[in-house]
Amino acid sequence: MKKAVCPGSFDPITNGHIDIIKRAAELFDEVTVLVVTNPDKKCVFSPEERCRLIEKAVEGINGVKVDSFSGLLADYVKQNGISAIVKGIRSSSDFEYEFQMALANRSLAPNAETVFITADPQNMYVSSSLIRQIAAFGGNVSDFVPKNIVEEIEKRLK
(Lines give C-alpha, C1' and ligand atoms only; values in the text may rest on other atoms or scores of the structure.)
Protein backbone atom coordinates (compact mmCIF):
# COMPACT_ATOMS: atom_id res chain seq x y z
CA MET A 1 0.00 0.00 0.00
CA LYS A 2 1.41 3.38 -1.02
CA LYS A 3 0.81 5.91 1.73
CA ALA A 4 1.26 9.66 1.41
CA VAL A 5 0.97 12.60 3.73
CA CYS A 6 -0.19 16.14 2.88
CA PRO A 7 1.19 18.25 5.74
CA GLY A 8 0.25 21.83 6.50
CA SER A 9 -1.16 24.24 9.02
CA PHE A 10 -4.55 24.43 7.24
CA ASP A 11 -5.64 27.51 9.20
CA PRO A 12 -8.22 27.18 7.63
CA ILE A 13 -8.31 24.60 4.83
CA THR A 14 -9.00 26.10 1.38
CA ASN A 15 -10.29 24.87 -1.96
CA GLY A 16 -6.67 24.91 -3.11
CA HIS A 17 -5.78 22.43 -0.37
CA ILE A 18 -8.78 20.27 -1.28
CA ASP A 19 -7.69 20.19 -4.94
CA ILE A 20 -4.20 18.97 -3.98
CA ILE A 21 -5.66 16.37 -1.58
CA LYS A 22 -8.05 15.02 -4.23
CA ARG A 23 -5.28 14.76 -6.78
CA ALA A 24 -3.00 13.03 -4.25
CA ALA A 25 -5.81 10.57 -3.46
CA GLU A 26 -5.81 9.58 -7.13
CA LEU A 27 -2.08 8.78 -6.95
CA PHE A 28 -1.85 6.99 -3.59
CA ASP A 29 -3.79 4.27 -1.77
CA GLU A 30 -3.99 6.30 1.44
CA VAL A 31 -3.49 10.02 2.01
CA THR A 32 -3.20 11.52 5.47
CA VAL A 33 -3.96 15.21 5.73
CA LEU A 34 -1.66 16.15 8.58
CA VAL A 35 -2.17 19.25 10.69
CA VAL A 36 1.33 20.14 11.83
CA THR A 37 2.45 22.60 14.44
CA ASN A 38 4.60 25.38 13.01
CA PRO A 39 6.13 27.41 15.87
CA ASP A 40 6.60 30.36 13.46
CA LYS A 41 2.85 30.65 12.79
CA LYS A 42 0.20 31.93 15.14
CA CYS A 43 -2.93 29.99 14.22
CA VAL A 44 -6.51 31.14 14.71
CA PHE A 45 -7.98 27.63 14.93
CA SER A 46 -6.66 25.02 17.36
CA PRO A 47 -5.23 21.78 15.93
CA GLU A 48 -8.41 19.97 17.03
CA GLU A 49 -10.63 22.54 15.30
CA ARG A 50 -8.56 22.36 12.12
CA CYS A 51 -8.77 18.55 12.10
CA ARG A 52 -12.55 18.70 12.53
CA LEU A 53 -12.93 21.23 9.70
CA ILE A 54 -10.70 19.15 7.44
CA GLU A 55 -12.65 15.97 8.24
CA LYS A 56 -15.84 17.75 7.14
CA ALA A 57 -14.13 19.15 4.04
CA VAL A 58 -12.74 15.80 2.84
CA GLU A 59 -15.95 13.81 3.37
CA GLY A 60 -16.48 11.60 0.35
CA ILE A 61 -12.86 11.58 -0.82
CA ASN A 62 -11.85 7.92 -0.71
CA GLY A 63 -8.63 6.94 1.01
CA VAL A 64 -8.21 10.21 2.90
CA LYS A 65 -7.82 10.48 6.66
CA VAL A 66 -6.91 13.34 9.00
CA ASP A 67 -4.37 13.48 11.80
CA SER A 68 -2.30 16.01 13.72
CA PHE A 69 1.30 15.97 14.87
CA SER A 70 3.65 18.19 16.80
CA GLY A 71 7.22 17.40 15.85
CA LEU A 72 9.37 16.70 12.83
CA LEU A 73 7.46 15.61 9.75
CA ALA A 74 10.24 13.08 9.06
CA ASP A 75 9.49 11.38 12.39
CA TYR A 76 5.78 11.12 11.55
CA VAL A 77 6.63 9.70 8.13
CA LYS A 78 8.92 7.03 9.61
CA GLN A 79 6.49 6.14 12.42
CA ASN A 80 3.61 5.64 9.98
CA GLY A 81 5.26 3.87 7.05
CA ILE A 82 4.63 6.75 4.67
CA SER A 83 6.43 6.71 1.31
CA ALA A 84 5.55 10.17 -0.03
CA ILE A 85 5.19 13.73 1.20
CA VAL A 86 2.81 15.67 -1.04
CA LYS A 87 3.19 19.43 -1.28
CA GLY A 88 1.16 21.88 -3.34
CA ILE A 89 3.08 24.52 -5.27
CA ARG A 90 1.48 27.84 -6.24
CA SER A 91 4.52 29.87 -7.23
CA SER A 92 8.28 29.87 -7.62
CA SER A 93 8.64 31.19 -4.06
CA ASP A 94 6.61 28.20 -2.82
CA PHE A 95 8.94 25.94 -4.77
CA GLU A 96 12.10 27.48 -3.30
CA TYR A 97 10.85 27.02 0.26
CA GLU A 98 9.44 23.54 -0.35
CA PHE A 99 12.56 22.43 -2.21
CA GLN A 100 14.67 23.21 0.87
CA MET A 101 12.21 21.32 3.05
CA ALA A 102 12.24 18.37 0.64
CA LEU A 103 16.04 18.14 0.84
CA ALA A 104 15.94 18.24 4.63
CA ASN A 105 13.18 15.61 4.77
CA ARG A 106 15.10 13.44 2.29
CA SER A 107 18.06 13.51 4.65
CA LEU A 108 15.93 12.81 7.76
CA ALA A 109 13.56 10.26 6.14
CA PRO A 110 15.38 8.78 3.11
CA ASN A 111 12.58 6.32 2.32
CA ALA A 112 10.06 9.08 1.65
CA GLU A 113 9.93 11.01 -1.61
CA THR A 114 8.56 14.53 -1.82
CA VAL A 115 5.99 14.90 -4.59
CA PHE A 116 5.10 18.39 -5.81
CA ILE A 117 1.65 18.98 -7.27
CA THR A 118 1.14 22.31 -8.99
CA ALA A 119 -1.87 24.34 -8.03
CA ASP A 120 -4.82 24.57 -10.35
CA PRO A 121 -4.69 28.06 -11.92
CA GLN A 122 -8.01 29.03 -10.32
CA ASN A 123 -6.49 28.43 -6.86
CA MET A 124 -3.01 29.88 -7.37
CA TYR A 125 -3.74 33.01 -5.37
CA VAL A 126 -5.80 31.36 -2.62
CA SER A 127 -4.15 31.03 0.77
CA SER A 128 -5.31 30.54 4.34
CA SER A 129 -4.04 34.01 5.25
CA LEU A 130 -6.12 35.53 2.43
CA ILE A 131 -9.20 33.70 3.73
CA ARG A 132 -8.57 34.96 7.27
CA GLN A 133 -8.20 38.53 6.04
CA ILE A 134 -11.33 38.48 3.86
CA ALA A 135 -13.44 36.94 6.64
CA ALA A 136 -12.07 39.31 9.29
CA PHE A 137 -13.50 42.23 7.31
CA GLY A 138 -16.84 40.51 6.83
CA GLY A 139 -16.18 39.41 3.27
CA ASN A 140 -17.68 36.33 1.67
CA VAL A 141 -15.20 33.42 1.52
CA SER A 142 -17.57 30.90 -0.05
CA ASP A 143 -15.63 30.83 -3.34
CA PHE A 144 -12.40 29.93 -1.55
CA VAL A 145 -13.26 27.25 1.02
CA PRO A 146 -15.36 24.07 0.95
CA LYS A 147 -19.07 24.92 1.06
CA ASN A 148 -19.80 22.75 4.09
CA ILE A 149 -17.44 24.75 6.33
CA VAL A 150 -18.00 28.32 5.05
CA GLU A 151 -20.42 29.34 7.80
CA GLU A 152 -18.20 28.05 10.58
CA ILE A 153 -15.11 29.80 9.19
CA GLU A 154 -16.90 33.13 8.63
CA LYS A 155 -18.48 33.01 12.09
CA ARG A 156 -15.13 32.35 13.76
CA LEU A 157 -13.12 34.91 11.81
CA LYS A 158 -15.51 37.88 11.93
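Residues numbered from 1 in each chain as written. Predicted model: local features only at pLDDT ≥ 70, side-chain atom pairs only at ≥ 80, totals over all residues. Heavy atoms only, no water.

## Details of the layout of surface pockets
As a volume, the largest pocket reaches approximately 1,200 Å³. Residue lining of the largest pocket: 46 residues in total, with Pro7, Gly8, Lys41, Lys87 and Glu98 positioned closest to the centre. Elements with a contribution of two residues or more to the lining of the largest pocket: β1 (3–8), α1 (15–27), α3 (73–79), β4 (84–89), α4 (92–108) and α5 (128–136). The element that contributes the greatest number of residues to the lining of the largest pocket is α4, accounting for eight residues. For the lining of the largest pocket, the class distribution of residues is 21 nonpolar, 15 polar and ten charged. (1 Å grid on protein atoms, 1.4 Å probe; cavity = no way out; pocket = protein on both sides within 12 Å on 5 of 7 lines; lining within 4 Å. Points joined across faces, edges and corners; volume = space filled by probe spheres on them. Helix = DSSP H or I, 4+ residues; strand = E, 2+ residues; numbered from the N terminus. Nonpolar A, V, L, I, M, F, W, Y, C, P; charged D, E, K, R; others polar.)

## Some points on the sheet that holds β4
Spatially, five strands are ordered β3-β2-β1-β4-β5 in an open sheet, and the strand pairing comes out parallel. Two strands lie at the open edges of the sheet, namely β3 (64–69) and β5 (113–118), each paired on one side alone. Each adjacent strand pair in this sheet contributes to an overall mean axis angle of 30°, direction not counted. Summarising the sheet, β4 and β5 pair through six bridges and their orientation is parallel. Paired with Ala84 across the two strands is Glu113, which belongs to β5. Together, β1, β2 (30–36), β3, β4 and β5 form the strand contacts of α1, whose direction differs from that of β5 by roughly 125°. (Pairing = 2+ DSSP bridges. Axes fitted to C-alpha atoms, helices over the stretch in contact; angles between N-to-C directions. Contact = heavy atoms within 4.5 Å.)

## What to know about the packing of aromatic side chains
As enumerated under the stated definition, the model contains four aromatic pairs in all. Judged by centre distance (5.5 Å) and plane angle (65°), the rings of Phe95 and Phe116 are edge-to-face. Of this pair, Phe95 sits in helix α4 while Phe116 sits in strand β5; the two residues are 21 residues apart in sequence, bridging distant segments of the chain. The partly exposed category is assigned to Phe116, whose relative accessible area is 29%. Considering the side-chain rings of Tyr125 and Phe144, the 6.1 Å spacing of their centres and the 85° angle between planes classify their relative orientation as edge-to-face. Taken together, the residues span a long stretch of sequence, with Tyr125 in the loop between β5 and α5 and Phe144 in the loop between α5 and α6 (150–157) at a distance of 19 residues. (Phe/Tyr/Trp six-rings, centres within 6.5 Å; stacked < 30°, edge-to-face > 60°. Buried < 20%, exposed > 50% of the residue type's maximum accessible area, 1.4 Å probe, protein only.)

## Considerations on the side chain of Ser127
Relative to the helices and strands, Ser127 is located in the loop between β5 and α5. Within polar-contact distance, the side chain of Ser127 engages the side chain of Ser129 at 3.1 Å. A polar side-chain atom of Ser127 sits 3.1 Å from the main-chain amide nitrogen of Leu130. Leave out the neighbours within four places in its chain, and Ser127 touches Thr14 and Arg90. (Polar contact = N/O pair within 3.5 Å; in protein donor to acceptor, adjacent residues only side chain to side chain.)

## Digging into the environment of Val64
Residue placement: Val64 occurs in strand β3. You can call Val64 buried: its relative accessible area is 17%. The spacing of Val64 and Asp29 is 35 residues in sequence and 8.8 Å in space, taken between C-alpha atoms. Residue contacts for Val64: discarding those within four places in its chain leaves Ile21, Ala25, Val31, Val33 and Val58.

## Remarks on unusual backbone geometry
The linkage connecting Asp11 with the following residue, Pro12, adopts the cis geometry, with an omega of 5°. Tracing the sequence through the fold places Pro12 in the loop between β1 and α1. Not every positive phi belongs to a glycine, and Phe10 is a case in point at roughly 50°.

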